[in-house]
Amino acid sequence: MSTDDESFHPLGNEWENELEEMLDDTEYDSDLGMEMAQDAMRVTKGELSEAEFHEMYHDDVMEEFGEDQRPTEAAYEEAQAAEEGTMSRMLSKFEGDGEEGRRDAMKKMGAGAAFVGLGAWGTVDDGEPEPQEQVAAAQEDDGGDGTQWGMTIDLERCDGCLTCVTACGNENNLDQGVNWMYVLEFEDSTPQTGRPNRLVRPCQHCTDAPCEKVCPTTARHTRDQDGLVLTDYDVCIGCRYCQVACPYGVNYFQWDEPDISTDQIEEYYTEEQGMDSDHMTTTYENGEERWVDSRAPRGTMSKCTMCPTRQDGEMGEDMVGTTACEQACPPGAIQFGDVNSDTSDASKYATNPSRGRALQWLSPPSESALEEDLDGADDDLESVLEAAGLDVEDLMLMKAVGITGESMGEGDGDMAATETDIQAALDVIEAHGLDLDDEDILDELGLGDGDADDAQVVLDQQYGSPESSFLLQEDMGTNPNITYFGHEPGPNAEQTEPTGTGVEYADLSYERADGEMVDMVDNRKEVLDEETVGDAGVSL
Amino acid sequence: MSTKTPSEGDIIRPIGSFSKQFIALFVACALVFGAFLVAWAYQLQQGMIVTGLSDWGSGGGATWGLYIGAFIWWVGIAHGGIILSAAVRLLGMDRYMPVARLAEMLTLAGLSAAGFYIIVHMGRPDRMVTSILGHYHITVNNSPLVWDVTVITAYFVLTATYLALTLRYDITRLRDQLPDLFEPIYKMMTLGYTEEEDEIVERMVWWLALAIIIMAPLLLHGGVIPWLFAVLPGMPAWFGAVQGPQFLTIALTSAISGVIIVAYAFRRAYDWDHIMTDDVFRGLLLWLGFFCLLFLWLQLQQNVTGLFAAPVSTDVAQTATIGHPVYITAMVLVLGTLAYIFAQTIRPSLFTKPRAIVAALAVLTGTLLEKLIFVVEGFLHPEFEIYAATPGEYFPSAIEWLSLAGTIGMVVLFFLVVAKIVPVVELHAIEHLRGDHGHGEDTEHATEQEVKA
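Keep in mind that this is a model prediction, so the values were computed, not measured.

So, on to the overall build of chain A. Broken down by element type, chain A carries 22 helices and 15 strands. Considering only contacts within chain A whose residues lie at least 6 apart along the sequence, 66% involve residues at least 24 apart. As displayed, chain A has an accessible area near 23,400 Å², and 40% of this comes from carbon and sulfur atoms.

Quick look at the structure:
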């Protein structure tokens, strides 16, 4: 690629000219486009702020397009906290929002696409990707740092109880064998560690989801608002190419009429649960209502959704940022949250897994109970521990969590709540007169000098640090949004049975919205074969 | 060579006559096709659960099976048919002129069967128009399935145009001998015909032929169809650049076999020994042998690279394939055909038409089996082959098997119907065989070249 000095664009003159021609083909002012692109490039370099950029061209844009839907300065200030702006997002505002006539919108899209193309290179600084990919990415990407729901799954904490699998079936009213969430135990060619290898396998909600890429209808889509990869059951044609292209095998086709009707699901959620939502359709941020949740209707594809009804607040605000599987998991092996936010459960756990384990394990005394207990007690370590009913280890771990926490209590996940509780308890103890930062006290607690490294050693020793951290099948280039801790399955990994601590799929069941109990099935084909016409009972 | 002189009467003969055999074949094909339509209706009513398919992964099955295997098989036959016809026009292979139109028709029939399979294999075929066309401008950028639909449509249009243009010449000249029953069809097909257009049409058809010859390897059976599979890294049995050439050679072997069978059937039914001469069949057989060789050569490439020191997942998939009875049967059929064809070139007395038909049927069976096992093997041995407790299993259900008979019946019906309306041999071919065009020397020259090839 050439980077001619005369071109403002990193790709050089040729690319610039090509895009200029694209602009010439639209009825809009090419010069304005080029000027804006040049300055937009400065925005990406940090020489110009978004707000300044907005102001500079506001009048010109109004004159040319009759509207300027780029973020205003006020909107920008607001957005700044949530996400870092890119030129592509600013320029993509030219693409229309559905309020104007379709024809107008199409014309503007022509201009918008070229504008975005000009800016696309400003949004990345690594590698040399194809220009077209960049344009496409720029159009799809609404900033890169917005919400991206994802998970951190600690496989070493999983005991294979399959509660997450039943909870998912229950929440989504899945047919027998449709295990959107799936847990398997496997043997690998590496020496056994004494602990069984397990894999918890929901959909990976990939940032570069191959299932979405191959979909001939756009039914499989990634939500701009939160990165969830979902299927629009009203659009899917059931070609099953998404299932073919997915390297993880997480898709489940609805081969026949589902065992439970939409009416029954709706009745359950709206009447029995008293929800406003039917747990099937959910309203997107752009106002669209789409049927993307719960079991699929006949002839369409389904898979783990990461509970969009919850994420959209339709089950109440306190359910936002939770999934059925995460809530059900007894050992807290699944952490769900916004992986783009440092303070979500998923990120906190991913950043420091042994500390994450501690936060799952510790249950600090409540502030008020602790104050009451400490009332009248002496302020030396021994007295405090005795009065509070804590042992040295408890306090050591709480203090270690406090020392290693960079954003104690920040965020709205369960882990942040536990951090807040721990901090409160530590504060009560400090207020009582025991200086936990005192060298001698730290020494007695086994926290060395009390620095982060010492505290980390304590946490690692207590809870163990995981064998490895990995993304599943990372070399497939899918950029999955689930981070795993534990043993990564190698190319020779093979599932064994039973899956859990003596628990087999066949031993478990879950309740459906119509009150029926569904017996779990590991191999769905056994269920499907019952309806196969002329099942030969053999396999190719 | 026959001593009879080819005449217009010869190529008109199928039109307007109804033999007992014709009616029997028509009824038989209609019954088989009808039976599949009933079965399909049942599938629409019950859902895709009536098939032997399941989800790969914890579903313990194959996502795609015979429907997709047969889809590629038909597309292969279809694409090869038109390539053959285009080659006749473009490379002056006049020897094959008598079967060129049959090849074109085989393309239309094959594409129809393939298109039918796309619909049959979908969970919600009723949404074909709204969901696919409605988002076409977005999905055409990245979905190989949309590329497929696009290119197949383009091919259908190209072939239909090609056929319609060349038919104008014939219909105008033979109009007096064609039945009045179909007058509206003939009128429509020859709308605005003037003799001056012949030259222009010939040029147009040449360009169409060129487009087809170029598109076939780049886009069609060497392009979007193999890309459906070859671009997916999750399936080591499919991933890789060899699939393009491999698919193209399979298409060509299947298509030449198809043309041999169709041409033989017409020759027998209408005593066309002097039009579709033994020479044509010998030539087609030689080409079949050549493409069988390429087919096996590319299989060899896959086996050697997949088994010598391949990555674990590729090794597993290829080991499973090479040991599979269906795969072995397919390879033996093609290899056997190749051996026969080479033997009969060395000793021409080994050639008989029934043997040529057996060779063609063997290759068609071989390619169908290869397609079937190719599609299924992908799901049985994916890159992420951890689901050992729910290993992939698949066997086509009765309805799936019936679809195969049904589409074959459909294609035969197509020929039976079309043969009653328009001549299936070009008038040009008759004129050429009579030496009207004075191309005698060229023909001999071309034949020599082909024999050398």
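A count of helical and extended segments in chain B gives 18 helices and 0 strands. Taking all 453 residues of chain B together, 58% fall into the buried category. Within chain B, contacts between residues separated by at least 24 positions form 82% of all contacts whose residues are at least 6 apart in sequence. Between the centroid of the 23 positive side chains of chain B and the centroid of its 36 negative side chains there is a distance of 7 Å.

A few words on the sheet that holds strand β11 (residues 469-470) of chain A. All names here are of chain A. Reading across from one edge, β10-β1-β12-β11 is the order of the 4 strands in this open sheet, with mixed pairing throughout. Each edge of the open sheet is held by one strand with a lone partner, namely β10 (334-338) and β11. Looking at chain direction, β11 and strand β12 (residues 482-485) are connected through 2 bridges and run antiparallel. Across the sheet, Ser469 pairs through a bridge with Phe485, a residue of β12.

The next subject is the pairing of strand β2 (residues 183-187) of chain A. All names here are of chain A. Within β2, 4 of the 5 residues are buried, which leaves it mostly tucked inside the rest of the structure. Across 4 bridges, β2 lies against strand β3 (residues 197-200) in antiparallel orientation. The residue of β3 that forms the bridge with Val183 is Val200. Sheet analysis places β2 next to strand β13 (residues 494-496), joined by 3 bridges and oriented antiparallel. Following the sheet pairing, Glu185 is matched in β13 by Thr496.

Between chain A and chain B, the contact holds 59 residues from the first and 67 residues from the second. For the pair chain A and chain B, the two sides together bury roughly 5,300 Å², of which 61% comes from carbon and sulfur. On the chain A side of the contact with chain B, Tyr241(A), Trp255(A) and Leu540(A) bury the most area, a combined 16% of that side's loss. At the surface where chain A touches chain B, the tally comes to 1 salt bridge. Inspection of the chain A/chain B interface yields 38 residue pairs in polar contact (both at pLDDT 80 or more). Of all the secondary-structure elements, those providing two or more residues to the side of chain A that touches chain B are β2, α9 (210-214), α10 (241-245), β6 (252-253), β13 and α22 (524-528) of chain A. Among the elements that line the side of chain A that touches chain B, the one with the most residues is α10(A), at 4 residues. Looking at the side of chain A that touches chain B, its residues break down into 31 nonpolar, 16 polar and 12 charged.

What the rule picks out here adds up to 28 salt bridges over all chains. Residue Arg195(A) is joined to Glu156(A) by a salt bridge in which the shortest nitrogen-to-oxygen separation is 3.4 Å. Remark: Glu156(A) occurs in the loop between β1 (149-154) and α8 (163-172) and Arg195(A) occurs in the loop between β2 and β3; sequence separation between them is 39 residues. When its relative accessible area of 37% is taken as the criterion, Arg195(A) is described as partly exposed. Residue classification places Glu156(A) among the buried positions, given a relative accessible area of 15%. The residue Asp55(B) makes a salt bridge to Arg524(A) at a minimum N-O spacing of 2.4 Å. With Asp55(B) in the loop between α2 (20-46) and α3 (66-90) and Arg524(A) in helix α22, this pair bridges two chains. Accessibility expressed as a relative area gives 0% for Asp55(B), which makes it buried. The network of salt bridges with shared partners includes Asp154(A), Glu156(A), Arg195(A) and Arg357(A).

All names here are of chain A. In terms of polar contacts, Glu156 uses its side chain to reach the side chain of Arg195, at 3.4 Å. A polar contact of 2.8 Å, which involves the side chain of Glu156, links it to the backbone nitrogen of Glu467. In this structure Glu156 touches Arg195, Arg357, Ser465, Pro466, Glu467, Phe485 and Gly486, once residues within four positions along its chain are discounted.

Now for a nonpolar patch on the surface. Residue and element names in this part refer to chain B. Among the surface-exposed residues, Ile214, Leu218, Leu219, Trp227 and Val231 lie close enough to one another that they form a single nonpolar patch of about 430 Å² accessible area. With respect to the helices and strands, the residue Trp227 is situated in helix α10 (residues 220-230). Here Trp227 falls in the partly exposed class, since its relative accessible area comes to 33%.

This part takes up the environment of Ser58(B). Within the secondary structure, Ser58(B) sits in the loop between α2 and α3. We classify Ser58(B) as buried; its relative accessible area is 0%. Sequence spacing of Ser58(B) and Tyr387(B) is 329 residues, and the spatial spacing of their C-alpha atoms is 6.4 Å. Those residues in contact with Ser58(B), other than ones at most four positions away along the chain, are Asn179(A), Tyr182(A), Tyr252(A), Asp522(A), Asn523(A), Arg524(A), Tyr387(B) and Thr390(B). Among the polar contacts listed, one links the side chain of Ser58(B) to the side chain of Tyr252(A), at a separation of 2.5 Å.

Criteria and cut-off values
Residues numbered from 1 in each chain as written. Chains lettered and ligands numbered in written order. Predicted model: local features only at pLDDT ≥ 70, side-chain atom pairs only at ≥ 80, totals over all residues. Heavy atoms only, no water. Helix = DSSP H or I, 4+ residues; strand = E, 2+ residues; numbered from the N terminus. Contact = heavy atoms within 4.5 Å. Areas by Shrake-Rupley, 256 points an atom, 1.4 Å probe, with all protein chains shown as cover. Buried < 20%, exposed > 50% of the residue type's maximum accessible area, 1.4 Å probe, protein only. Lys, Arg positive; Asp, Glu negative; His and termini not counted. Charge placed at Lys NZ, Arg CZ, Asp CG, Glu CD. Pairing = 2+ DSSP bridges. Buried area = accessible area lost by both parts, 1.4 Å probe. Salt bridge = Lys/Arg side-chain N within 4 Å of Asp/Glu carboxyl O. Polar contact = N/O pair within 3.5 Å; in protein donor to acceptor, adjacent residues only side chain to side chain. Nonpolar A, V, L, I, M, F, W, Y, C, P; charged D, E, K, R; others polar. Patch = residues over 30% accessible without salt bridge, like charges linked within 9 Å, V, L, I, M, F, W, Y side chains within 5 Å.

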